[in-house]
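The chain contents come next:
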Amino acid sequence: MPTALITGITGQDGAYLSKLLLDKGYEVYGLLRRSASADIIGERLRWIGVLDQVKLIDGNLTDLSSLIRIVQTVKPDEVYNLAAQSFVAASWQQPLLTAQVTGVGPVNIMEALRIVRPEARFYQASSSEMFGKIQDKIQSETTPFYPRSPYGAAKLYAHWMTINYRESFGMFACSGILFNHESPLRGIEFVTRKITDGVARIKLGLARELTLGNLEAKRDWGHARDYVQAMWLMLQQDKADDYVVATNRTTSIREFCRMAFAHVGLDYHEFVRSSADLMRPAEVDVLLGDASKAREHLGWTPKIPLEQTVGDMVEADLARHRARTSVQMPTEASLLHELS
Ligand code: NDP
Ligand code: GDR
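Cut-offs and rules
- Residues numbered from 1 in each chain as written.
- Chains lettered and ligands numbered in written order.
- Predicted model: local features only at pLDDT ≥ 70, side-chain atom pairs only at ≥ 80, totals over all residues.
- Heavy atoms only, no water.
- Domains from an automatic or database assignment.
- Contact = heavy atoms within 4.5 Å.
- Buried area = accessible area lost by both parts, 1.4 Å probe.
- Salt bridge = Lys/Arg side-chain N within 4 Å of Asp/Glu carboxyl O.
- Helix = DSSP H or I, 4+ residues; strand = E, 2+ residues; numbered from the N terminus.
- Expected span 1.5 Å × (residues − 1).
- Buried < 20%, exposed > 50% of the residue type's maximum accessible area, 1.4 Å probe, protein only.

Attention now goes to the domain arrangement of the protein. Each domain of the protein was delimited in the assignment, giving domain 1 (3-182 + 223-245) and domain 2 (191-219 + 250-287 + 304-339). Between the C-alpha centres of domain 1 and domain 2 there is a distance of 27 Å. Listed per partner, the contact involves 18 residues of domain 1 and 13 residues of domain 2. At the boundary of domain 1 with domain 2, total buried surface from both sides reaches about 1400 Å², with 62% on carbon and sulfur atoms. It is Trp92, Arg148 and Glu182 that lose the most area in domain 1 upon contact with domain 2, and together they represent 35% of the buried surface on that side. Counting across the interface, domain 1 meets domain 2 through one salt bridge.

Now for helix α6 (residues 150-169). Over its 20 residues, α6 extends 28 Å from the first C-alpha to the last, a length consistent with the 28 Å expected when each residue adds 1.5 Å. For α6, the set of buried residues is Tyr151, Gly152, Ala154, Lys155, Leu156, Ala158, His159, Met161, Thr162, Ile163, Tyr165 and Arg166. Elements that come into contact with the buried residues of α6 comprise α4 (90-93), α5 (95-116), β5 (121-127), β6 (173-178) and β11 (242-245). Once α6 ends, the next one or two residues include Gly170, with phi positive near 70°.

Turning to the pattern of salt bridges, a few remarks are in order. Evaluation of the coordinates by the stated rule reveals 18 salt bridges. A salt bridge links Arg114 to Glu111; the shortest N-O distance between them is 2.7 Å. On the criterion of helical spacing, the pair formed by Arg114 and Glu111 is a turn pair, its members being three residues apart in helix α5. A relative accessible area of 18% places Glu111 in the buried class. For Glu255, the salt bridge goes to Arg258, with nearest N and O atoms at 2.9 Å. Residue Glu255 and its partner Arg258 are both found in helix α9 (residues 253-263); the two are separated by three residues, about one turn of the helix.

Right under this line is the structure:
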């Protein structure tokens, strides 16, 4: 039974990748960042039905000693580095933290592998944000990079370090340049989930409007379930390499709003407003990826169309809000009343 170690296991991709690897018969370990809210931290793994099958070990991507200890204990065959400060907007407010976690963090884990288990195969979660102010209309592995945020710059450093560990030490280190991918497990602060959550609230009478930033930006949106398949395929090849993973279709935030509101029979014009407060200091205006190399070398193609992703996300948020409003959570005051 092969053994995999996933950093960022509690995030969106961590949940989908855990499920994929468990279904393939892997033993799956996950790096868990210690938290005072440990009771809610496994929510995504629970939602996807694997919380009791993965083995979680305390550690932190910024703490090399914890990574060395974990690699010594787990002896992984494959390591998927998904952990990051992944929210682009926050990277202007916390540029140094983003550099430490998103930029240097991957080097910490590669160092742990180089010292303890150099034969392990390594996947680095690189990002289309590295293309930033795009230099080619359609971005592929040969497109020059031009990051537009502290997050993009940190990811670019980690991307080049992955290539350098491969070329310097002969490690099997791959970098997947993944374009945006979404799902019902997407974090609430990212625009797609913010929209589908807003649609659900408005439909159920819990909110009246939805305030967003730039509605004209365009993204190449896929589904996380398809994209974790590409990560796994990269580590099954004879040779380590870098791949763009994308759908080759770009859609504006405005159009995403239209689709999500239309799913519940509403017109987004009546509910969505754009606020200057939510504009970014520098924007990535449009992304559109060419995943020909992944198709040809890995046999990978995206399967889930955006329309289905939007519908699934809206339905999941409707279900979440219905469940929340039908179950009355006991408050501290009501508990004290019952006890008296
Ligand atoms: P999420 O934001 O959902 O998950 C990020 C994960 O990183 C969480 O498990 C988080 O833990 C963990 N983490 C953050 N800081 C640390 C730390 N210091 N030590 C250990 N773990 C930490 O991201 P996604 O699942 O969406 O993305 C996975 C990866 O892919 C990220 O690296 C992201 O930057 C990258 N990426 C994502 C794309 C996308 O569209 N989703 C596209 C391209 C790249 P906790 O739960 O405790 O917060
Ligand atoms: P992104 O995702 O920055 O592409 O990074 P996000 O969903 O945050 O933004 C996409 C676009 O939407 C615009 N936007 C808003 N964004 C947010 N979050 N909230 C809003 O209210 C809002 N209004 C408009 C943004 O300006 C932007 O143009 C994601 C992350 O998963 C990264 O970790 C990953 O590397 C990249 O995708 C590929």
